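Secondary and tertiary structure notes
Here is what each chain is made of, one letter per residue.
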Amino acid sequence: MFILVGGEGGEAAGVHVPELPDLVTLLFLRALPDASPETVVFKLFGSDLFAYTVKDISTVFYFTLALVIVLGWAVVFSRLVRVKPGSRFAIFTEWVVDGLRRFFGEILGAKEVDRYIGLVGGLFVVILFMNFFELVVLMKPPSSVWGINFGMALVVFFATEITELVRNGPKKYFLHLVGYDPSLPLVMTVLLGALFAIIHLMEKLMRPVSLSLRLFGNIFSKDVLLAVFGGLVVGTVGTGLLPKFMGVFLYFFFIFLAALLSVIQAVIFSLLSTLYIALSLPHEEHAHEEAGHAA
Amino acid sequence: MGIPAEGAGYALGVGLSVIGSGIGIGLLGMGAMQAMGRQPEAIGRIQTAMLIGAGFIEALTLYVLLIAFVK
């Protein structure tokens, strides 16, 4: 069936997970004889480790497209074009940026927002665009492949660790990792410290995994949902089960659900990243002391 | 029986995890409705927080669905 192209998962079980077709995959399937999305197109350095399939190429293509759109918007607005201050483009962009600054400024604090809004706000806009690729015909969201999400989560992970190291200093970073309590005797400190460090390290390592799995799970299953119900809609239009226009109305509901989930997941990813970064910034010690003196 | 055994296992797992997340989102919605009733001027912020919380809880069910798709 031309609509349902076999997906990546389920290859192990021999069952094809249906996915919507997209332009790059279709072009490849037209050009190469007897191909599928798992066909290896080229091997970098001739080794199997760097074998890229059709699916990889289409994913990277759409990811690059999302980045080009967002970065192009930013570059055009800030440097290339002399934008009139009252024009709709300027007002819209300023509204977006100001809204992002206010939304993330509540968590980061007004002093630190400008330093990290590039990373966090950029993540939000790029993920929003990538998720909305789902809803455009013949385009595939690159976040339906786990690698892309894991890459973004790793960026956030390294950002938080480096922020904590640089802002707090290596000594405080190590003490926070170990959970240092100066009131305990030495032996207890070392033992508890080792235990606490293991737990803390595992929690740190789980963060990118959970961030990426959440976004990947949502977008991939949304993709499959749209593909399966698209197949059902097309399948029932010809038969007498549903009148012709009902199928489209049903599908509209699923597209609406997909759009809502896209926005929510983009917000959650960037909000969690902001929270992790805010937690790794130096804490305000003065407020606690003042409250202690006042009480 | 026409149902393959391994497919039935995954479907059962998804169904069980949906019970938990259904209860969770229901409790979240109840708390949000009560808060909105007490402070109608904070409805916008409560709504935003509720949607974000619902996204987290739903993601837990989607982990199970993902395993069902990938296997």
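Parameters at a glance
- Residues numbered from 1 in each chain as written.
- Chains lettered and ligands numbered in written order.
- Predicted model: local features only at pLDDT ≥ 70, side-chain atom pairs only at ≥ 80, totals over all residues.
- Helix = DSSP H or I, 4+ residues; strand = E, 2+ residues; numbered from the N terminus.
- Rg over C-alpha atoms; globule rule 2.2 N^0.38 Å.
- Buried ≥ 20, exposed ≤ 12 C-beta atoms within 10 Å, placed from the backbone.
- Core = buried A, V, L, I, M, F, W, Y, C linked by C-beta atoms within 7 Å.
- Contact = placed C-beta atoms within 7 Å.
- Expected span 1.5 Å × (residues − 1).
- Bend = angle between axes of the 7 residues up to and from the residue.
- pLDDT = per-residue confidence, 0-100.
- Axes fitted to C-alpha atoms, helices over the stretch in contact; angles between N-to-C directions.
- Parallel < 35°, antiparallel > 145°, perpendicular 65-115°, else oblique.
- Left-handed = near helix turned anticlockwise from the far one by under 90°.
- Nonpolar A, V, L, I, M, F, W, Y, C, P; charged D, E, K, R; others polar.

Our next topic: the overall build of chain B. Within chain B, the secondary structure is distributed over two helices and zero strands. Its C-alpha radius of gyration of 17 Å places chain B more than 25% over the 11 Å reference for a compact globule of 71 residues. Dimensions of chain B, computed from the C-alpha atoms along their principal axes, are close to 55 × 20 × 15 Å. Across the 71 residues of chain B, 10% fall into the buried class.

In this structure, Ala66(A), Leu123(A), Val126(A), Ile127(A), Met130(A) and Phe269(A) are the most contacted members of the largest nonpolar core, which totals 37 residues. At the level of secondary structure, the elements contributing two or more residues to this core comprise helix H2 (54–80), helix H3 (88–108), helix H4 (113–132), helix H5 (146–168), helix H7 (186–238) and helix H8 (244–280) of chain A together with helix H2 (43–70) of chain B. A total of ten residues in this core trace back to one element, the largest contributor, which is H4(A). For Ala66(A), the residues in contact, after removing those within four places along its chain, are Val126(A), Phe129(A), Met130(A), Phe133(A) and Pro142(A).

Note that an α-helix has 3.6 residues per turn; residues three or four places apart therefore point the same way. Residue and element names in this part refer to chain A. Given a rise of 1.5 Å per residue, 20 residues ought to cover 28 Å, and the 26 Å separating the end C-alpha atoms of H4 matches this to within 8%. Bending of H4 peaks at approximately 30 degrees at the position of Leu 119. Listing the buried residues of H4 in full gives Val 113, Tyr 116, Val 120, Gly 121, Leu 123, Phe 124, Val 125, Val 126, Ile 127, Phe 129, Met 130 and Asn 131.

Now for the confidence of the model for chain B. For chain B, mean pLDDT is 87; residues scoring 70 or higher make up 93% of the total. Taken together, the chains of this predicted complex give a pTM of 0.81 and an interface ipTM of 0.73.

Once that is clear, we can look at the packing of H3(A) against H4(A). All names here are of chain A. In contact at an axis separation of 10 Å, H3 and H4 are set at 120 degrees when each is read in the N-to-C sense. Here H3 is positioned oblique relative to H4, judged by the angle of their axes. Between H3 and H4 the crossing geometry is right-handed. Listed contacts from H4 to Leu 100, Arg 101, Phe 104, Gly 105 and Leu 108 of H3 are Val 113, Tyr 116, Ile 117, Val 120, Gly 121 and Phe 124.

We now examine the packing of H5(A) against helix H6 (residues 170–178) of chain A. Residue and element names in this part refer to chain A. Look at H5 against H6: their axes get within 6 Å of each other, and the N-to-C directions meet at 125 degrees. Relative to H6, the element H5 is oriented oblique. Side by side, H5 and H6 meet where Glu 164, Leu 165 and Asn 168 of the first sit next to Pro 170, Lys 172 and Tyr 173 of the second. Of the residues contributing to the contact of H5 with H6, the split by class is three nonpolar, one polar and two charged.

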